[in-house]
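Coordinates in review
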Amino acid sequence: MLDFETFYKNHGENFIWDILHIWERDNRVQHACSMTLEERWERFLRATEPTRSAA
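Because the structure is predicted, anything quoted here is derived from the model rather than measured. (Residues numbered from 1 in each chain as written. Predicted model: local features only at pLDDT ≥ 70, side-chain atom pairs only at ≥ 80, totals over all residues. Heavy atoms only, no water.)

Attention now goes to the side chain of Glu24. Along the chain, the position of Glu24 falls in helix α2 (residues 13-26). At a separation of 2.4 Å, a polar atom in the side chain of Glu24 contacts the side chain of Arg40. If we skip the residues at most four places from it in the chain, Glu24 touches Val29, His31, Arg40 and Arg43. (Helix = DSSP H or I, 4+ residues; strand = E, 2+ residues; numbered from the N terminus. Polar contact = N/O pair within 3.5 Å; in protein donor to acceptor, adjacent residues only side chain to side chain. Contact = heavy atoms within 4.5 Å.)

Next comes the structure, spelled out in structure tokens:
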């Protein structure tokens, strides 16, 4: 799993927002306004784990 801090340091906040916006739009994912960027990233990672898609 990608560590948020490492990914953030390597790619930046804007890149993470872009990934999340595209994924959430394409998958019609709703989220609470109070979710942090890190919480949204963790949800994205859990939802896109290879083991989940194989089931």
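This part is about the packing of helix α1 (residues 4-11) against helix α3 (residues 37-47). Relative orientation of the contacting elements α1 and α3 amounts to 110°, with a least axis distance of 11 Å. In terms of orientation, α1 lies roughly perpendicular with respect to α3. Facing α1, whose interface residues are Phe4, Glu5, Phe7 and Tyr8, α3 presents Leu37, Glu38, Trp41 and Glu42. Across the contact of α1 with α3, the residue classes tally to five nonpolar, no polar and three charged. (Axes fitted to C-alpha atoms, helices over the stretch in contact; angles between N-to-C directions. Parallel < 35°, antiparallel > 145°, perpendicular 65-115°, else oblique. Nonpolar A, V, L, I, M, F, W, Y, C, P; charged D, E, K, R; others polar.)

On to α2, then. Look at α2: 20 Å from first C-alpha to last across 14 residues, which is about the 20 Å you get at 1.5 Å a residue. Every buried residue of α2 is listed here: Ile16, Leu20, Trp23 and Glu24. End-on view of α2: buried residues confined to an arc of 95°, all on one side of the axis. In this structure, α2 carries Asn14 and Arg25 as exposed residues pointing more than 90 degrees from its buried face. (Expected span 1.5 Å × (residues − 1). Buried < 20%, exposed > 50% of the residue type's maximum accessible area, 1.4 Å probe, protein only. Arc of directions from axis to C-beta.)

Another aspect to go through is the pattern of salt bridges. Applying the stated criterion across every chain, the model contains three salt bridges. A salt bridge links Arg40 to Glu24; its shortest N-O distance comes to 2.4 Å. In this pair, Arg40 is assigned in helix α3 and Glu24 in helix α2, connecting sequence segments 16 residues apart. The burial state of Arg40 is the same as that of Glu24; both residues are buried. Note that Arg43 is salt-bridged to Glu24, the shortest N-O span being 2.7 Å. Of this pair, Arg43 sits in helix α3 while Glu24 sits in helix α2; the two residues are 19 residues apart in sequence, bridging distant segments of the chain. The class for Arg43 is buried, based on a relative accessible area of 16%. (Salt bridge = Lys/Arg side-chain N within 4 Å of Asp/Glu carboxyl O.)

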